Amino acid sequence: MVQLTSMVDYEVDDGVAVLTLDNPPVNALSQGVRQGLKEGVAKAQADAAAKAILVYCKGSTFIAGADITEFSRGFVEPGLHEVLAAMDNASKPVIAAIHGTALGGGLETALCCHYRVAVASAKLGLPEVNLGLLPGGGGTQRLPRVVGVEKALQMVTSGVPVSAAEALETGLVDRIIEGELRAGALAFAREVIAAAAPLPRIRDRDDKLQGARADPLVFARFRAAIAAKTRGYLAPEYNIRCIEAAVNQPFDEGMKTESKLFMELMSGPQSAAQQYFFFAERQAGKVPGIDRDTAEIPISRVGVVGSGTMGGGIAMNMVNVGIPVTIVEVRQEALDRGLGVIRRNYENSARKGRISAADVEQRMGLVRGSLDLADLADCDLVIEAVFENMAVKKELFGRLDVIAKPGAILASNTSALDLNEIAAVTGRPESVIGLHFFSPANVMKLLEVVRGDRTSKEVIKTSMSLAKRIKKVAVLVGVCHGFVGNRMLFVRQYQAEQLALEGAPPHRIDKVLYDFGFPMGAFQMSDLAGLDIGWSAETSKGATVRERLCEMDRRGQKTNAGFYDYDENRKPTPAPVVQELYTEFAARAGITRREIADEEILERCILPMINEGAKILDEGIALRASDIDVVYVYGYGWPLYRGGPMHYANSLGLDRVVEKLRAYQQSTGSDFWQPSRYLVDLANRGGRFS
Ligand code: 3H9
């Protein structure tokens, strides 16, 4: 065996030169891998003992793509194109042996091999779009030549990988290897040598492009189909243009188009934001002081108190990954309703083909309903999802403390309340934690894990691991009103309300936020959540527009009226009565209404969030600025291509943010706009949130 580079070895095994890549954790195409592949192919070409070349990876996966950390460090020889061309043009058959994931540049490497074999569990995809990019190693030109134009469009714009079985069906892999991969791939290589067939190069094929040439409207149809989902993002459109080039241009021209568009994306702000976010998401899982040696509490049954929308969604997360759940309600009728909703959700998924009918029964079989809290005694974790009221939660935690087994974790799904106060009513504050799910809890990816003053490391570690197990992204936060997400949302909602009083119609404010990239604006969001959260008819004083709307039974989408009027398809139209109410309240408060420009609307909604984020960092409520961004992208629909509020602040320039906050402070005379000390210090030092 010869070591070509620190990441690639060369060895001839009975006629087959095996290039073994070893670049943990994901065998990314770092410089040492590219260099090793280049040298390995050249060596095999010159080696009379080698009749074929096998590209094989050690560790948990085949090449998972270019080394993303290299993107910001500048280019180092050899380039990927040079390496891939050497493989494509090799005079001996080159075979990729795939396990784990062949992603991005990894799949592009495999596409430059003459043959691909894979284990049944392998996944293959081009996920560059998730980084605001397109496959820049020929993937957009080769993939459609193998799987056809429509499938390629779908793969490059969604970034979703295909299974080995599907890859076999479409011709993306030539064989599924049962048993040990290296041995199976070597056997395949020897068959290829024995057959002495001409070497198939994907670049020379165009049979699968004919369909699109005959039906050029395929692209227009595809653009229309993904328009809503990809609104605001540049990369999906650029990916489509590259596939168009594959269809309409000769291969080498198509490659030039791909390179040009790749460079445009790579140098733009969207890709910078999306690459930043890739690492931000992974960073969020790391908690200083908690490591491999920190013990975890095994979670084999979870209790959920409350079977409403939240409780039901939380329970679904657990059973989706095979964790049995006990749901406790107060009344049979409410329990039946809650269990009925869970079943209906699963049946809907089965109807859409996402799960099988057997899965529905298997999952429902994991749910146990009860009216007795004592049935939670065998749970390792109990999550309460009851009415958002301190007295109610304290009373419940006192009872759970008596019922739950020693060491069981008691979690609250509170979205804003003081977790320390809740923990203090128990004899086990070290086992109390906040698990703040976002609605709908079975869909939204974010989990705010709220650490109380006395929450133990083991409980934090267990909660972060559980989040991963149920496929959520967890962000650890500290205790304050609204934690990270809602605390920052409160200041935005406050400004939206002020803007409406000062003369900006709610639908205009919503449109500005929508155009910025949010899925909906502040008022639409209130209508969706319900205007009556925390409101009661008995105590209502009609003191705000929201209270008055509730009194009129305009309580949001559920009553078909709130800040908007809704038709039977939930289509909103601005409600004249809302304008009248704002006019009335403004007059009463002595506010002169005026035209407000979109720019001011946007600044007044976004800048206070950034300022609040800085205060959150100053107080140590969030561990890092990037955690705040993860909360906003996954919990509140902040557009990924803008990276999150703190990344956005960096892109504006912190000195500019401070300047603008001060300008609003001066023009309004309100301390609401006082820039946080942390932000000012950072801006003065020419720093950035990091
Ligand atoms: C590309 O290929 C461009 C080309 O078309 C053209 C170029 C000219 N680079 O996610 P995990 C790190 S673009 C560097 O927790 P998992 C990651 O940061 C690329 N580092 O593991 C983490 O580090 P740490 C296209 C990478 O098992 C560690 O590996 N490819 C890369 O849950 C473990 O990651 C992609 O976009 C990378 N490419 O999931 C694939 N990938 O431990 C991106 C990962 O220090 N990667 N790291 O925090 C993934 O989707 C997942 O990592 C994967 C494993 C599914 C592979």
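In case you missed it, the structure is sitting above this.
So, how was this worked out
Residues numbered from 1 in each chain as written. Predicted model: local features only at pLDDT ≥ 70, side-chain atom pairs only at ≥ 80, totals over all residues. Heavy atoms only, no water. Helix = DSSP H or I, 4+ residues; strand = E, 2+ residues; numbered from the N terminus. Expected span 1.5 Å × (residues − 1). Buried < 20%, exposed > 50% of the residue type's maximum accessible area, 1.4 Å probe, protein only. Arc of directions from axis to C-beta. Pairing = 2+ DSSP bridges. Right-handed = clockwise from strand over helix to strand, strands pointing away. Axes fitted to C-alpha atoms, helices over the stretch in contact; angles between N-to-C directions. Contact = heavy atoms within 4.5 Å. Parallel < 35°, antiparallel > 145°, perpendicular 65-115°, else oblique. Left-handed = near helix turned anticlockwise from the far one by under 90°. Nonpolar A, V, L, I, M, F, W, Y, C, P; charged D, E, K, R; others polar. Near = heavy atom within 4 Å. Polar contact = N/O pair within 3.5 Å; in protein donor to acceptor, adjacent residues only side chain to side chain. Areas by Shrake-Rupley, 256 points an atom, 1.4 Å probe, with all protein chains shown as cover. Phe/Tyr/Trp six-rings, centres within 6.5 Å; stacked < 30°, edge-to-face > 60°. Lys NZ or Arg CZ within 6 Å of the ring centre and 35° of its normal.

1. Examining helix α24 (residues 576-589)
With 14 residues, α24 ought to run about 20 Å at 1.5 Å a step, and its terminal C-alpha atoms sit 20 Å apart, in line with that. Of all the positions in α24, only Val578, Leu581, Tyr582, Phe585 and Ala586 are classed as buried. For α24, the angular spread of buried residues about the axis comes to 130°, placing them on one side. Facing away from the buried side of α24, by more than 90 degrees, are the exposed residues Pro576, Glu580, Ala587 and Arg588. Trailing α24 by a residue or two, Gly590 shows a phi angle of about 70°, which is positive.

2. Topic: the pairing of strand β14 (residues 381-384)
Burial along β14 is two-sided: Leu381 and Ile383 facing one way and Val382 and Glu384 facing the other are all buried. Where strand β11 (residues 302-305) and β14 come together, four bridges link them in parallel fashion. Looking at the pairing, Val302 lines up with Leu381 of β14. Of the strand pairs in this sheet, β14 and strand β15 (residues 409-412) are connected by four bridges, and their pairing is parallel. By the bridge assignment for β15, Leu381 is matched with Ile409. Handedness of the β14-helix α17 (residues 390-403)-β15 crossover: right-handed.

3. Some remarks on unusual backbone geometry
Each neighbour pair has its own omega, and for Glu77 with Pro78 the value is -10°, a cis peptide bond. Along the chain, Pro78 falls in the loop between α2 (68-71) and α3 (80-88). The step from Ser439 to Pro440 runs through a cis peptide bond, and the omega angle for that step is -10°. Considering the arrangement of structural elements, one finds Pro440 in the loop between β16 (432-437) and β17 (446-451). A positive phi angle is found at Ala196, which is not glycine, with a value near 50°. Looking at the secondary structure, you find Ala196 in the loop between α8 (181-195) and α9 (210-214). One non-glycine residue, Asp553, lies in positive phi territory at about 60°. Following the sequence through the fold, Asp553 ends up in the loop between α23 (545-551) and β19 (564-566).

4. Some thoughts on the sheet that holds strand β2 (residues 8-13)
Picture the strands of a sheet paired through backbone hydrogen bonds; they go either parallel or antiparallel. On the basis of which strands lie adjacent, the open sheet formed by seven strands has the order β1-β2-β3-β4-β5-β7-β10 and mixed pairing. One side of each edge strand has no neighbouring strand; the edge strands of this open sheet are β1 (2-5) and β10 (175-177). Each neighbouring strand pair of the sheet contributes to a mean axis angle of 25°, computed without reference to strand direction. Taken together, the three bridges between strand β4 (residues 52-57) and strand β5 (residues 94-98) define a ladder with parallel strand orientation. What sits directly across from Leu54, in β5, is Ile95. Its contacts with the sheet place α8 against β2, β3 (16-21), β4, β5, β7 (115-119) and β10, and it is angled at close to 165° to β4.

5. A closer look at the environment of Phe279
Along the polypeptide, Phe279 turns up in helix α13 (residues 269-284). C-alpha separation for the pair Phe279 and Glu237, spaced 42 residues apart in sequence, amounts to 24 Å. In this structure, Phe279 is in contact with Ile68 and Thr69, ignoring residues within four places of it in sequence.

6. Notes on helix α5 (residues 139-147)
Among the nine residues that make up α5, nine are buried, leaving the element largely enclosed by the rest of the structure. Along α5, the positions that sit buried rather than exposed are Gly139, Thr140, Gln141, Arg142, Leu143, Pro144, Arg145, Val146 and Val147. Where α5 is buried, its residues touch α3, α4 (105-111), α6 (149-158), α7 (164-170), α11 (235-248) and α12 (251-266). Just downstream of α5, Gly148 is the residue with a positive phi angle, here 95°.

7. Describing the pairing of β17
The element β17 is largely enclosed, with a buried count of five among its six residues. Here β16 runs beside β17; their pairing, made up of five bridges, is antiparallel. What sits directly across from Gly434, in β17, is Val450. Taken together, the five bridges between β17 and strand β18 (residues 473-477) define a ladder with parallel strand orientation. Note on β18: the bridge partner recorded for Leu446 is Val473. Tracing the backbone out of β17, into helix α19 (residues 457-469) and back to the parallel element β18 gives a crossover that is right-handed.

8. Observations concerning the packing of helix α20 (residues 485-502) against helix α21 (residues 506-516)
In contact at an axis separation of 9 Å, α20 and α21 are set at 135° when each is read in the N-to-C sense. In this view, α20 runs oblique relative to α21, as classed from their interaxial angle. Relative to α21, α20 is oriented so that their crossing is right-handed. Of the residues in α21, those touching α20 at Arg492, Ala496, Leu499 and Ala500 are Pro506, Ile509 and Leu513. In terms of residue class, the contact of α20 with α21 is made up of six nonpolar, no polar and one charged.

9. What about the site of the ligand?
The environment of the ligand is formed by 24 residues, the closest being Ala66, Glu108, Glu128, Arg282 and Lys286. In this structure, Gly136 approaches the ligand through a main-chain N or O atom, which is 3.1 Å from an oxygen atom. Protein coverage of the free-state accessible area of the ligand, which is 1000 Å², stands at 70%. Listed by contribution, the elements that provide at least two residues to the shell around the ligand are α2, β6 (101-103), α4 and α13. A per-element tally of the shell around the ligand places α13 first, with three residues. Partitioning the shell around the ligand into residue classes produces 13 nonpolar, six polar and five charged.

10. Some points on the packing of aromatic side chains
Scanning the model with the defined rule gives 17 aromatic pairs in all. Between the aromatic rings of Phe278 and Phe279, the centroid separation amounts to 5.1 Å while the plane-to-plane angle is 90°, which identifies the pairing as edge-to-face. Taking the relative accessible area as the measure of exposure, Phe278 reaches 25% and is therefore partly exposed. The ring of Tyr514 carries the charged tip of Arg231 above its face, separated from the ring centre by 3.5 Å. Cation over ring: Arg282 sits above Phe278, and NZ or CZ is 3.7 Å from the ring centre.

11. Some points on the environment of Ala227
Along the chain, the position of Ala227 falls in the loop between α10 (218-226) and α11. Ala227 gets classed as partly exposed once you look at its relative accessible area, which sits at 40%. Along the primary structure Ala227 and Ser6 are separated by 221 residues, whereas in three dimensions their C-alpha atoms are 45 Å apart.

12. Side note on the environment of Leu435
Along the chain, the position of Leu435 falls in strand β16. Residues Leu435 and Gly340 lie 95 residues apart in sequence; the distance between their C-alpha atoms is 24 Å. Every residue in contact with Leu435, bar those within four places of it in the chain, is listed here: Leu381, Ile383, Ala411, Ser412, Asn413, Leu447, Glu448, Val449 and Ser463.

13. Digging into the sheet that holds strand β8 (residues 123-125)
Within the open sheet, the three strands sit side by side as β6-β8-β9. Their pairing is mixed. Each edge of the open sheet is held by one strand with a lone partner, namely β6 and β9 (162-163). Here three bridges tie β6 to β8, and the two strands are oriented parallel to one another. Counterpart to Thr101 in the pairing with β8 is Lys123.

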